[in-house]
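Structural features, examined
The chain contents come next:
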Amino acid sequence: MKHRLLLVNLALLALIGLAGWRLRQNWFEAREREQLLFGRKLNPTAVTPLPPYPPTPPLSPGAYLEVAQKMLFSRDRSDVVVIEPPPVKPMPALPIFYGAMDLGRGPTIILGEAPGQPHRGYRLGEQIGEFKLLAINKTEIEFEWDGKPVRRKLDEIAAKPGDAAAAAAPPPQATAPAPQQPGNSNLSPSASVLGGTVKAAPMAGEEGQVRPCVPGDTSPSGTVADGYKKIISETPFGKVCRWEPQR
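An account of the accompanying structure is given in this report. Everything numeric here is computed off the predicted structure, so don't read it as measured data. (Residues numbered from 1 in each chain as written. Predicted model: local features only at pLDDT ≥ 70, side-chain atom pairs only at ≥ 80, totals over all residues. Heavy atoms only, no water.)

1. Focus on the overall build of the chain
Definition in use: Only runs of H or I of at least four residues qualify as helices and only runs of E of at least two qualify as strands under DSSP, and these elements are numbered from the N terminus. Relative accessibility thresholds used throughout: buried, under 20% of the residue-type maximum; exposed, over 50%; partly exposed, between the two (1.4 Å probe, protein chains only). By definition in these notes, contact holds between two residues if any of their heavy atoms fall within 4.5 Å. Accessible areas in this description were obtained via Shrake-Rupley with a 1.4 Å probe; residue shielding takes into account the shown protein chains only.
Across its full length, the chain holds four helices and 13 strands. Counting only residues that meet the buried cut, the chain has 24% of its 247 residues in that class. Taking contacts inside the chain between residues at least 6 apart in sequence as the whole, the part at least 24 apart equals 35%. Here the chain displays about 18,300 Å² of accessible surface, and carbon together with sulfur accounts for 60% of that area.

This is the structure in structure tokens:
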């Protein structure tokens, strides 16, 4: 038993000695590499000096003009300001044309602001709603709206058959509308409907003044009624119907 232990101890001593020798060899090799590395002289390479940095030019305010012109709070920093045009004002409906007559003092045009509303006589230069009456001839009429001329054919704005029966038409020179009769609000007090036709009579107005004809009156020129005589004359604006006091 002791003999075996002795052999084991001898083997261990041999291994320790071998390891120590190996460590010593590694140390010598490391020292040799260190001397070869650090003991060698190196020849420095000549370094070309860098060119001097160009001097900074002085600040010029004009160089920053573009920055000053850009909008700081715009995403695209654009100096183009987009101005939206104002909304276009829609033109209202044109007045309704009922007729015209000229008694030697200039034309009087009978107009209404809208269908179904009362109509009366207007002279050139007068205002009707938002329109100003400028001129009229046999086929056309001209208004001024929003500073612009508006020309229309008389046929385009002429009263329809139902417009005349929608409201009573006071005379061109009447100061107030004539009172309406109960049950027949579409005609003047001196006119009535007989058998579906309009009775030949002048429209209500001041006594002794020239009165216009009632819409729908088809009686011939020269008819006498209520002390008035019906006269139909040709004018540059077409036929003009009126009732003159009987002398």
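There is more to say after this.
2. Details of the nonpolar core
Note the following rule: Residues belong to one nonpolar core when they are buried, are Ala, Val, Leu, Ile, Met, Phe, Trp, Tyr or Cys, and are joined through side-chain atoms within 4.5 Å.
Counting residues in each nonpolar core, the largest one holds 16 residues, and the members touching the most others are Phe 97, Ile 109, Leu 111, Leu 133, Ile 136, Ile 141 and Phe 143. When residues of this core are traced back to their parent elements, those giving at least two are β1 (96–102), β2 (107–112), β5 (131–136), β6 (140–145) and α3 (154–157).

3. So, a nonpolar patch on the surface
Quick note on the threshold: Nonpolar side chains (Val, Leu, Ile, Met, Phe, Trp, Tyr) are joined into patches within 5 Å and like charges within 9 Å, using only residues with over 30% relative accessible area and no salt bridge. A pair is scored as a salt bridge if a Lys or Arg side-chain nitrogen falls within 4 Å of a carboxyl oxygen belonging to Asp or Glu.
Nonpolar side chains collect at one region of the surface, where Leu 6, Leu 7, Leu 10, Leu 13 and Ile 16 lie side by side and expose about 520 Å² of accessible area between them. Secondary-structure assignment places Leu 6 in helix α1 (residues 2–38).

4. Topic: the side chain of Glu 142
Here is the rule: Between N or O atoms, a polar contact is any pair within 3.5 Å; within protein, one atom must be a potential hydrogen donor and the other a potential acceptor, and residues adjacent in sequence are included only when both atoms are from side chains.
Summarising the element assignment, Glu 142 is placed in strand β6. Within the structure, Glu 142 has its side chain in polar contact with the side chain of Arg 151 (distance 2.8 Å). The residues contacting Glu 142, other than those within four sequence positions of it, are Lys 132, Leu 133, Leu 134, Ala 135, Pro 149, Val 150 and Arg 151.

5. Things to note about the state of the cysteines
Heads up, the condition is: Any cysteine sulfur atom paired with another within 2.5 Å is treated as part of a disulfide.
Under the criterion given, the structure shown has one disulfide. A sulfur-sulfur distance of 1.7 Å marks the disulfide that ties Cys 213 to Cys 241. On the sign convention where negative is left-handed, the bridge of Cys 213 and Cys 241, at about -75 degrees about the S-S bond, is left-handed. Highlighted residues: Cys 213 in the loop between β10 (211–212) and β11 (224–225) and Cys 241 in strand β13 (residues 238–245), separated in sequence by 28 residues.

6. What about the packing of aromatic side chains?
What counts here: Here the aromatic set is Phe, Tyr and Trp, taking the six-membered ring for Trp, and pairing holds for ring centres within 6.5 Å; pairs whose planes are under 30 degrees apart are stacked, those over 60 apart are edge-to-face, and all others are tilted.
Scanning all chains against the criterion turns up two aromatic pairs. Ring plane angle 70 degrees and centroid distance 5.2 Å describe the contact between Trp 27 and Phe 28, whose orientation is recorded as edge-to-face. Taking relative accessible area as the criterion, Phe 28 reaches 36% and is therefore assigned partly exposed. Judged by centre distance (5.8 Å) and plane angle (65 degrees), the rings of Phe 131 and Phe 143 are edge-to-face. Of the two residues, Phe 131 is situated in strand β5 and Phe 143 in strand β6; the sequence distance between them amounts to twelve residues.

7. As for the side chain of Ser 219
The topology assignment puts Ser 219 in the loop between β10 and β11. Ignoring sequence-local partners within four residues, the contact set of Ser 219 consists of Ala 200, Lys 230, Ile 232 and Trp 243.

8. Considerations on the pairing of β2
In plain terms, the rule: When DSSP finds two or more bridges between two strands, those strands count as paired.
The element β2 is extensively covered by neighbouring structure, given that six of its six residues are classed as buried. Neither face of β2 is left uncovered, since the one carrying Pro 107, Ile 109 and Leu 111 and the one carrying Thr 108, Ile 110 and Gly 112 both have all their residues buried. Two strands pair when backbone bridges link them, and β1 and β2 are joined in this way by six bridges, in the antiparallel orientation. The residue of β2 that forms the bridge with Phe 97 is Leu 111. Counted along the chain from β1 to the antiparallel partner β2, the turn is four residues long, and its residue Gly 104 has a positive phi close to 100 degrees. Where β2 meets strand β3 (residues 119–122), four bridges bridge the pair, whose relative direction is antiparallel. Counterpart to Ile 109 in the pairing with β3 is Tyr 122. The hairpin turn running from β2 into β3, its antiparallel successor, is six residues long, and Gly 116 in that turn takes a positive phi close to 90 degrees.

9. Here we look at the sheet that holds β5
Spatially, four strands are ordered β4-β5-β6-β7 in an open sheet, and the strand pairing comes out antiparallel. Single-partner strands in this sheet number two, and they are β4 (127–128) and β7 (148–153). With four bridges joining them, β5 and β6 adopt antiparallel strand pairing. Across the sheet, Leu 133 pairs through a bridge with Phe 143, a residue of β6.

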